[in-house]
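The residues making up each chain are set out below.
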2 protein chains.
Amino acid sequence: MNHPAEAAQPNPLLVWDTINAYQRSAALRAAIDLDLFTLIGNGAATSDELAAQTGAAARGLRILCDYLSVIGFLTKVGGAYRLTLTSAFFLNGKSPACMASTARFLNAPKLMAGFANFTDTVRRGGTQLGAGGVNEPEFSEWVTFAESMTPLMLNSCNAIAGLCGQEGGRSIRVLDVAAGHGLFGIAVARRIRNAEITAQDWPGVLQVALRNATQAGIEDRYRLLPGNIFAVDLGEGYDVILLTNLLHHFDRASCTQILRKIHRALSDDGRLINLEFVPNEDRVSPPIPATFSLMMLGLTPAGDAYTAREHEEMLAGAGFDKPVLMPVAQAPQTLLVSTKRVR
Amino acid sequence: MNHPAEAAQPNPLLVWDTINAYQRSAALRAAIDLDLFTLIGNGAATSDELAAQTGAAARGLRILCDYLSVIGFLTKVGGAYRLTLTSAFFLNGKSPACMASTARFLNAPKLMAGFANFTDTVRRGGTQLGAGGVNEPEFSEWVTFAESMTPLMLNSCNAIAGLCGQEGGRSIRVLDVAAGHGLFGIAVARRIRNAEITAQDWPGVLQVALRNATQAGIEDRYRLLPGNIFAVDLGEGYDVILLTNLLHHFDRASCTQILRKIHRALSDDGRLINLEFVPNEDRVSPPIPATFSLMMLGLTPAGDAYTAREHEEMLAGAGFDKPVLMPVAQAPQTLLVSTKRVR
């Protein structure tokens, strides 16, 4: 995403690179499937060594590793490949921040199908993935999602837990809406010993959240609330409601509907903490929040990456005050913290 | 391809960008299919105007144009989109250098299928596209190829015609091996009034070359030699033989076999002019020739982007002297000019 919008000269290589960009995704996925970054991290340095360890063709590995060297995931010196800082940190299977599972989720054929015949998707203005796209409860990839997105969410977890820590030592009730992997609520529970978490999501996904809660040793303070966000009874009186990476799947009317429901469930002095991709008002910066809209075009009927002003409008429509925005450090996302409007 | 191989900090955004890179290709292809660059070049400035002119959904167009603004093909000021220098020159359908047809060829589903299940391709070390991949004569995309690659080849055409111009005013016989669109031989014929071109390729493809020769008004000096390069009788005594973008489809033994055949067809003081993607000996630079190997891994059984030393070895094995290398100006390719070895 680091091509300058206006270069001094017309650049045919940018066109060539974009035409063939799909091969980058394919190459990275192949390297992850063959666990090359872990093997190279362990000391395998040549395509012959990698061939011996993976059983894959040395020719295929040589060409793949050369390509990975060009696009920034390996260095090559005298025929020996080494990890770069980025691949050592984010692609070596031994790194706690490894994003391999994220790649497997985001490059699952079922998701990528949202970008086949993409011209037709643009024409109709919404996904071709069945009626609800990834919003369908039976979209089985959500379980994979819940299991795979951990590495990307670490900084956001810390930021959210830090915010909740401001509640002091008092006992708080937290609702984690569309909990997914559950990591946000779990991070709060680990930070605040007397916090009680209620996790809402589809039943299959909640099993992943519960497993994570058990691994974190907080399962005695973890309740499950299975069901669709539009239909389920959320209860009331929560001190904190976490709404993370959900609104971008829906159109504004549906977002406002969700926010109204959350407003009713929140205590009068409670806080809504919303984690989202928030592009600037120009909608073309910064790169990751701005390009996230296209992902929603491919995968959902009417989702979007909403700007701060759009969030403000939707929140106002549901009875909230103007939110406080806080960018998450070293992550492309933003926290929006809202309280109920005083009438 | 402009990510530095070694950044100072591990960069999760590079991983994210690579995972989702396939969406760049999809977005560019959709914009080309909807002819957005031509419409914006003609003055359509907003997604609503584009919707009125294309019949596509304004929402789809807004998200697509925002995305194209992020990746360098549009600018956006106050909701109005404009072409960048690159898209004005290489994507506006009215530009003679428009690469839209190239994108249609390179992003044809039949070609992109070479990068589905790419892990298996790496494992086996060669294409999964049938027995011969794109090397099969019945691979119908070659006709599209012949029709589509013109814009990318303009500088190379000029460079080749310039080289042949050095023959002075004498009558020369030129063999254009695997002529494809025929543009290289045709460029020579236009430059040298008494040059006679023999174009070899599969019969269907030669029809495109003949059409181009007729349009250029040189059809009376244009002969067709239909057939497979490995089987056809090339004749002999040619002053110049053009061998453009062919060798990368084959393994070294097959390349040497082709070069031997060309050696026999060339007059003793004739020149072989070979146009290729030639990476440096490190195989990881410059970006386009270095990444071209991966395209051949996906699309052919054993093709490659050969280095200068490998070309030298194959040429020596076929009886040629060490070639003279000349990079083509403003293009990612190299001309290799060879003469027969004096014994």
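Our subject is the structure that appears above.
Quantities reported herein were computed from a predicted structural model and do not represent experimental measurements.

Participant: Where do I start with the overall build of chain A in this structure?
Facilitator: The secondary structure content of chain A amounts to 16 helices and nine strands. Taking 20 Å as the expected radius of gyration for a compact globule of 343 residues, we find that chain A reaches 22 Å, a close match to that expectation. By principal-axis analysis of the C-alpha atoms, chain A measures approximately 70 × 45 × 35 Å. Within chain A, the proportion of its 343 residues that are buried is 62%. Intrachain contacts of chain A at a sequence separation of at least 6 include 68% that bridge at least 24 residues. As presented, chain A carries roughly 12,800 Å² of accessible surface, and 52% of it is formed by carbon and sulfur atoms. Between the centroid of the 30 positive side chains of chain A and the centroid of its 32 negative side chains there is a distance of 2 Å.

Participant: Would you mind showing me how to read the packing of helix H4 (residues 47-54) of chain A against helix H5 (residues 58-70) of chain A here?
Facilitator: The description of two packed helices rests on the angle between their axes and on the distance between the axes. All names here are of chain A. At their nearest, the axes of H4 and H5 sit 8 Å apart, and the two run at 125° to each other. Our classification of the angle between H4 and H5 gives oblique. Once H4 is placed against H5, the crossing between them reads as right-handed. Here Ser 47, Asp 48, Leu 50, Ala 51 and Thr 54 of H4 lie close against H5, whose contacting residues are Ala 58, Leu 61, Arg 62 and Cys 65. In terms of residue class, the contact of H4 with H5 is built from five nonpolar, two polar and two charged.

Participant: Looking at this structure, I do not really get the interface of chain A and chain B. What am I missing?
Facilitator: The interface of chain A with chain B comprises 91 residues on the first partner and 90 residues on the second. Approximately 8,100 Å² of surface area, both sides summed, lies buried where chain A meets chain B, with 69% of it carried by carbon and sulfur atoms. For the pair chain A and chain B, the interface holds two salt bridges. The partner of A:Asp304 in a salt bridge is B:Arg62, with the nearest N and O atoms 2.5 Å apart. Remark: the boundary between chain A and chain B carries 24 residue pairs in polar contact (both at pLDDT 80 or more). Class assignment for the residues of the side of chain A that touches chain B results in 55 nonpolar, 22 polar and 14 charged.

Participant: Honestly, helix H15 (residues 287-299) of chain A in this entry has me stumped. Any pointers?
Facilitator: Because each turn of an α-helix spans 3.6 residues, side chains separated by three or four positions end up pointing in the same direction. The end-to-end C-alpha separation of H15(A) is 19 Å, in line with the 18 Å expected for 13 residues at 1.5 Å each. Summarising burial for H15(A): 12 of the 13 residues are buried, a large majority.

Participant: Whenever I open this one, the relation of the copies chain A and chain B confuses me. Can you help?
Facilitator: Two chain copies here: they are related by a rotation about an axis and a translation along the same axis. Here chain A sits on chain B after a turn of 180° about the axis and a move of 0.0 Å along it, with an RMSD of 0.0 Å. As the rotation angle and translation indicate, the two copies are arranged about a two-fold axis. Looking at the rotation axis and the C-alpha trace of chain A, the residue lying nearest is A:Tyr22, at 1.8 Å. Residue by residue, 99% of the interface of chain A is reproduced at the interface of chain B, so both copies engage with the same surface.

Participant: Please explain the packing of aromatic side chains as it appears in this structure.
Facilitator: Per the stated rule, a full pass over the model turns up 14 aromatic pairs over all chains. A centroid spacing of 5.6 Å and a plane angle of 90° characterise the contact between A:Phe115 and B:Tyr22, whose relative ring orientation is edge-to-face. You can see A:Phe115 sitting in the loop between helix H8 (109-112) and helix H9 (118-124) and its partner B:Tyr22 sitting in helix H2 (residues 21-33), one on each of two chains. Taking the centre distance of 3.9 Å and the plane angle of 15° together, the rings of B:Phe277 and B:Phe292 count as stacked. Of the two residues, B:Phe277 is situated in the loop between strand E7 (266-276) and helix H15 (287-299) and B:Phe292 in helix H15; the sequence distance between them amounts to 15 residues. Judged by relative accessible area, which is 5%, B:Phe292 ranks as buried. A network of ring pairs unites the aromatic residues A:Trp16, B:Phe277 and B:Phe292 as a single cluster. Against the face of B:Tyr238 rests B:Arg173, its NZ or CZ located 4.5 Å from the ring centre.

Participant: I keep staring at the sheet that holds strand E5 (residues 222-226) of chain A and nothing clicks. Help me out?
Facilitator: The pairing of strands in a sheet happens through backbone hydrogen bonds and is either parallel or antiparallel. Residues and elements named next belong to chain A. On the basis of which strands lie adjacent, the open sheet formed by seven strands has the order E5-E4-E3-E6-E7-E9-E8 and mixed pairing. Here the strands that pair on one side only, and so sit at the sheet edges, are E5 and strand E8 (324-327). Adjacent strand axes in the sheet meet at a mean angle of 20° when their direction is disregarded. Note that strand E6 (residues 238-244) and strand E7 (residues 266-276) share six bridges and pair parallel. Across the sheet, Tyr 238 pairs through a bridge with Leu 266, a residue of E7. Taken strand by strand, helix H13 (residues 203-215) contacts strand E4 (195-201) and E5, and its axis lies near 175° from that of E5. The strands touched by helix H14 (residues 252-265) within the sheet are strand E3 (172-177), E6 and E7, with E7 carrying the most contacts at an inclination of about 140°.

Cut-off values and rules
- Residues numbered from 1 in each chain as written.
- Chains lettered and ligands numbered in written order.
- Predicted model: local features only at pLDDT ≥ 70, side-chain atom pairs only at ≥ 80, totals over all residues.
- Heavy atoms only, no water.
- Helix = DSSP H or I, 4+ residues; strand = E, 2+ residues; numbered from the N terminus.
- Rg over C-alpha atoms; globule rule 2.2 N^0.38 Å.
- Buried < 20%, exposed > 50% of the residue type's maximum accessible area, 1.4 Å probe, protein only.
- Contact = heavy atoms within 4.5 Å.
- Areas by Shrake-Rupley, 256 points an atom, 1.4 Å probe, with all protein chains shown as cover.
- Lys, Arg positive; Asp, Glu negative; His and termini not counted.
- Charge placed at Lys NZ, Arg CZ, Asp CG, Glu CD.
- Axes fitted to C-alpha atoms, helices over the stretch in contact; angles between N-to-C directions.
- Parallel < 35°, antiparallel > 145°, perpendicular 65-115°, else oblique.
- Left-handed = near helix turned anticlockwise from the far one by under 90°.
- Nonpolar A, V, L, I, M, F, W, Y, C, P; charged D, E, K, R; others polar.
- Buried area = accessible area lost by both parts, 1.4 Å probe.
- Salt bridge = Lys/Arg side-chain N within 4 Å of Asp/Glu carboxyl O.
- Polar contact = N/O pair within 3.5 Å; in protein donor to acceptor, adjacent residues only side chain to side chain.
- Expected span 1.5 Å × (residues − 1).
- Least-squares fit on C-alpha atoms with pLDDT ≥ 70 in both.
- Phe/Tyr/Trp six-rings, centres within 6.5 Å; stacked < 30°, edge-to-face > 60°.
- Lys NZ or Arg CZ within 6 Å of the ring centre and 35° of its normal.
- Pairing = 2+ DSSP bridges.

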